[in-house]
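Commentary on secondary and tertiary structure
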Amino acid sequence: MLDRRQFLKLGGATAFATLFGGCDKVQRRLIPFVIPPENYTLGEALWYASGCDQCPAGCGIVVRVSEGRAKKIEGNPLHPVNRGKLCARGQAALQALYHPERFSRPMKRSGPRGSGAYAPVSWEEALSLLMEPLKKIKAEAPSSLLMLTGPMRGHAGLVAGRFMKSFGSPNRVAWDPFGPDAMLSANAAAYGVRDLPEHDLANARYLLSFSGDFLETGISPVHYAREYGRMRGDRETIRGKFVHFGPRLSMTAAAADLFLPCAPGTEGFVALGIAHVMVRDRLTAASSAAGRLADDLGAWSPEEVEKKTGVHAHDIAAAAEEFARNQPGLAIAGTTAATCADGAFHCSAVALLNVLAGNVGKPGGLSFPNRAQAFAKYGPEAGLLSPSPESGYAGTRAALEKMRGGAFRIAFLSGATNPAFTLPPSLKFGEALSKVPFVVAFASFLDETTSLADLVLPVPTALETWGDDLAPVGHAGAITLRQPVVEPFHDTRSMPDILIAAAKELGGEPAKALPWGSFRECIEKAYGGPGGEMEKALQRGGFLGEASSPRSAVRTGGVSLPKAADRPLEGDPKAFPLALHLYPSIALYDGRGANLPWLQEMPDPVSTAVWRNWIEINPKTAAGLGLAEGDGVTVTSPSGKITAHVAFNPGIAPDVAAMPLGQGHTKYGKYANGRGENPISLLPAGETYALQATRVALVKTKLSTALARTGHPEGQWKVKNMM
């Protein structure tokens, strides 16, 4: 009897031949129901473990498959990152799988770049179009190949890295708009480790959050939400306390015991005020560091901090005393603090609190697992499988300059981070890319970046392909394995498969560097193959039980006081009176979820708005501007202008206007296009990728659309159409 795994194995064995064999249709086998494959048993549902790729958190999932179709996705209860929980974005992966606008076959550009006009071609023709110029530049100028992708972890990163190195090009860039560059710099300065720590929330007694919206859109929201729940309710006699500082009442702030609003871009000053009280009142565990910092912290008394931040001095003193006397505790800086123009300062000031409290490397504190240890057998190449979670902003800007200078003849584009949408328009990504003669996109959907490609090679979704992953936090050394839970829905090939096949065609060093027949073979050889440990690991969702040993933080004894740089927000306060606060959408994230109706329909937890752009302002600010709830406004910064609808948020500072990211697409399909404008267009292109970088002015404007909401924020009884 041919079971499902044997069936998929046969399909995988023929994939490479299909790739270059001139076949332009999905190869299918007729399986009679007298010998039914296991996933075609009528009325019976089977669950397959795999990994989620809807955001960088790297959660484990289990997928219910019935009659050959994926029907439901849940969290994998065995996976250490999410322990059976899953967010809405992960659930919506089903819509990506069955999306009617997915690329179903290779596409060749048939109109001007950016027009989105493409004509289908066969895989044979597509690969011929790919290989002819690739062979030419391999012989003439191999460094003129650029690979610009999203973050690639696991063996997909190994394949991409080896391909570029063996090809002879050093120009591989990974772009992630929420890459925690500032946190990495701060951790290197405070702890001596340029990596992300594990925060042991479950065993903490006190939590200070500085714009850390970790329950919504942080580095791993499902993981932290579960750990937060344990901190609050798992211990019989201890309920951890949570204090949140930030410029806006977010869902995370609403979950805190105490929300203390502060002016945007002042989170680090609040942290220094707390550090001042801890040192002044001898409340620190790290006495040597406290003694050395005492003089420098003298200027950051609570009274002085109150003038800069708006947080009352007595609240700062009370938080400092409670934090110090209720250890173990944690201080966490979030995306908003990290994406200020001076984000490294704010994150360093917050890290200083953990050092002073003596909670580095202790239960209830933070630690640094050795992430590269999981791939130690690859030696120097381990970094390709477990890369640093940098944003890649500097590398992307440098690549754009090289594009303009004509340094690249071919560009490979891949990933969900969509640089044409997520980079500030003033960087002119599209104009720079137009200087590259041949652009190839590996994509499932047309978007603003893919529409600039000459050739689109369709790739499968995570539910249709093989892979592995190492999550940035919460993994304890666990490696997630992905497997196709259904047959490929369209005529697609994964990017690693195409690179492996291209290396075979190129021969020489590329063929030696990528010796596998397919990406599945690469994965199987790495993990022991079918019938062995890998078979068991696939059923569990990966190798989940091996914790990596932590690395010691080497500089906690020699930490210095972070210095704030003078980086004011762009714009004259008189002309642009409101500080613009941009934050990731809980549903659309950086905009990648905007083409999925489930996520468009998902209400924002604070404003309850759906399907549109909105800007949150304080009701008192709105009254001063003559604005009412739902009014249209033109939002103007020194760098750009967009329109949005007004949504009141009584928990936002009066001099702040907040907008979620994600809307404003123009080439992302019928569910995403034309639903507002992109807030990124308001940002300047600075030395760092700063979301909190500018001031704005609001002017009432008549819009043809209305703000769609699932209910009035003050109560469902105010919904106008209630029967």
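Please refer to the structure placed before this passage.
Residues numbered from 1 in each chain as written. Predicted model: local features only at pLDDT ≥ 70, side-chain atom pairs only at ≥ 80, totals over all residues. Heavy atoms only, no water.

**Some thoughts on the overall build of the chain**
A count of helical and extended segments in the chain gives 25 helices and 28 strands. Looking at the chain residue by residue over its 723 residues, the buried ones come to 58%. When the accessible surface of the chain is totalled, it reaches about 27,600 Å², and 54% of it is carbon and sulfur. (Helix = DSSP H or I, 4+ residues; strand = E, 2+ residues; numbered from the N terminus. Buried < 20%, exposed > 50% of the residue type's maximum accessible area, 1.4 Å probe, protein only. Areas by Shrake-Rupley, 256 points an atom, 1.4 Å probe, with all protein chains shown as cover.)

**Focus: the packing of helix H5 (residues 123-140) against helix H6 (residues 155-167)**
It is at 10 Å that the axes of H5 and H6 come closest, and there the two elements cross at 55°. With respect to their mutual orientation, H5 and H6 come out oblique. Residues Leu134, Ile137 and Lys138 of H5 pack against Phe163, Ser166 and Phe167 of H6. Taken together, the residues that form the contact of H5 with H6 break down as four nonpolar, one polar and one charged. (Axes fitted to C-alpha atoms, helices over the stretch in contact; angles between N-to-C directions. Parallel < 35°, antiparallel > 145°, perpendicular 65-115°, else oblique. Contact = heavy atoms within 4.5 Å. Nonpolar A, V, L, I, M, F, W, Y, C, P; charged D, E, K, R; others polar.)

**Let's talk about the sheet that holds strand E11 (residues 258-261)**
What the four strands build is an open sheet, ordered E11-E10-E9-E12; its pairing is parallel. The two strands at the open ends of the sheet, each matched to only one other strand, are E11 and strand E12 (329-333). In this sheet, neighbouring strand axes are inclined to one another by 15° on average, regardless of whether the strands run parallel or antiparallel. Across four bridges, strand E10 (residues 241-246) lies against E11 in parallel orientation. Bridge pairing in E11 places His244 opposite Phe259. Helix H8 (residues 221-233) contacts strand E9 (206-210) and E10 of the sheet and is inclined by roughly 130° relative to E10. (Pairing = 2+ DSSP bridges.)

**Topic: the packing of helix H10 (residues 267-280) against helix H12 (residues 302-309)**
A packed helix pair is summarised by two numbers, namely the angle formed by the two axes and the spacing between the axes. Taken N-terminus to C-terminus, the directions of H10 and H12 make an angle of 175°; their axes are 9 Å apart at the nearest point. With respect to each other, H10 and H12 are oriented roughly antiparallel. Contacts between H10 and H12 involve Phe269, Val270, Gly273, His276, Val277 and Arg280 on the former and, on the latter, Pro302, Val305, Lys308 and Thr309. A class-by-class count of the residues in the contact of H10 with H12 yields five nonpolar, three polar and two charged.

**Digging into the packing of aromatic side chains**
On inspection of all chains with the given rule, the structure shows 18 aromatic pairs. The structure contains a cluster of three or more aromatic residues connected by ring pairs, namely Phe163, Phe167, Phe412 and Phe442. A cation sits over an aromatic face here: Lys138 above Phe167, 5.9 Å from the ring centre. A cation over an aromatic ring shows up here: Lys308 above the ring of Phe269, its NZ or CZ 5.2 Å from the ring centre. (Phe/Tyr/Trp six-rings, centres within 6.5 Å; stacked < 30°, edge-to-face > 60°. Lys NZ or Arg CZ within 6 Å of the ring centre and 35° of its normal.)

**Quick word on the pattern of salt bridges**
Inspection of the entire model under this criterion finds 27 salt bridges. Residue Lys72 is joined to Glu74 by a salt bridge in which the shortest nitrogen-to-oxygen separation is 3.0 Å. For Lys72, a relative accessible area of 28% puts it in the partly exposed group. For Asp234, the salt bridge identified is with Arg230, shortest N-O distance 3.3 Å. (Salt bridge = Lys/Arg side-chain N within 4 Å of Asp/Glu carboxyl O.)

**What to know about the state of the cysteines**
Applying the stated criterion across every chain yields a total of zero disulfides. Cys59 takes part in no disulfide bond, and the closest cysteine sulfur, belonging to Cys52, lies 6.2 Å away. (Disulfide = S-S within 2.5 Å.)

**Focus on the side chain of Arg153**
Among the secondary structure elements, Arg153 is positioned in the loop between strand E6 (145-149) and H6. Engagement of the side chain of Arg153 in a polar contact is seen with the backbone oxygen of Pro56, the distance being 2.9 Å. A polar contact of 2.7 Å, which involves the side chain of Arg153, links it to the side chain of Asp469. Other than its neighbours up to four places away in sequence, Arg153 contacts Pro56, Ala57, Gly58, Leu385, Pro387, Asp468, Asp469, Leu470, Ala471 and Pro472. (Polar contact = N/O pair within 3.5 Å; in protein donor to acceptor, adjacent residues only side chain to side chain.)

**What about the sheet that holds strand E4 (residues 107-109)?**
Working definition: the strands of a sheet are paired by backbone hydrogen bonds and lie parallel or antiparallel to each other. With mixed pairing, seven strands are arranged side by side in an open sheet as E5-E4-E16-E15-E14-E6-E7. Two strands close off the open sheet at either side, each with one partner strand: strand E5 (118-120) and strand E7 (172-174). Averaged over all adjacent pairs, the angle separating strand axes in this sheet is 20°, with direction ignored. For E6 and strand E14 (residues 410-414), the ladder comprises four bridges, and the chain directions are parallel.

**A word on the pairing of strand E24 (residues 632-636)**
Burial analysis of E24 places four of its five residues in the buried class, which makes it a mostly covered element. As paired strands, E24 and strand E25 (residues 641-648) are joined by five bridges and run antiparallel to one another. Its bridge partner lying in E25, Gly632 is registered against His645. Linkage of E24 to E25, two consecutive antiparallel strands, is achieved through a turn of four residues. Here E24 pairs with strand E27 (residues 695-701) via five bridges, running antiparallel. From the neighbouring strand, Thr634 faces E27, where its bridge partner is Val699.

**So, H5**
Taking 1.5 Å per residue, 18 residues should reach 26 Å; H5 reaches 26 Å between its end C-alpha atoms and fits that length. Here H5 has its buried residues at Trp123, Ala126, Leu127, Leu130, Met131, Leu134 and Ile137. Projected down its long axis, H5 shows its buried positions confined to an angular sector of 140°, all on one face. Relative to its buried face, H5 has exposed residues pointing more than 90 degrees away, namely Glu132 and Ala139. (Expected span 1.5 Å × (residues − 1). Arc of directions from axis to C-beta.)

**Overview of the side chain of Arg592**
Locating Arg592 in the fold gives a position in the loop between strand E21 (578-583) and helix H24 (597-600). Classification of Arg592 as buried rests on a relative accessible area of 16%. Reaching out from Arg592, the side chain makes a polar contact with the side chain of Asp590 at a distance of 2.9 Å. Setting aside its immediate chain neighbours within four residues, Arg592 contacts Gln54, Cys55, Pro56, Ala416, Thr417 and Tyr668.

**Side note on the nonpolar core**
Counting 71 residues, the largest nonpolar core has Leu433 and Val635 as its most contacted members. Considering every element that reaches this core, the biggest residue donor is helix H17 (residues 393-404), with four residues. Other than its neighbours up to four places away in sequence, Val635 contacts Ile615, Gly640, Lys641, Ile642, Ala644, Leu682, Val696, Ala697 and Leu698. (Core = buried A, V, L, I, M, F, W, Y, C linked by side-chain atoms within 4.5 Å.)

**Some thoughts on unusual backbone geometry**
Of note, the bond from Gln327 into Pro328 is cis; its omega dihedral lies within 30 degrees of zero at 5°. You can see Pro328 is positioned in the loop between helix H13 (313-325) and E12. With a phi angle near 45°, Asn418 is a residue other than glycine that sits in the positive phi range. Tracing the backbone shows Asn418 in the loop between E14 and helix H18 (419-422). Assessed through its relative accessible area of 6%, Asn418 is described here as buried. Unlike most non-glycine residues, Trp611 shows phi in positive territory, near 65°.

What is shown is where atoms sit, not what they do.
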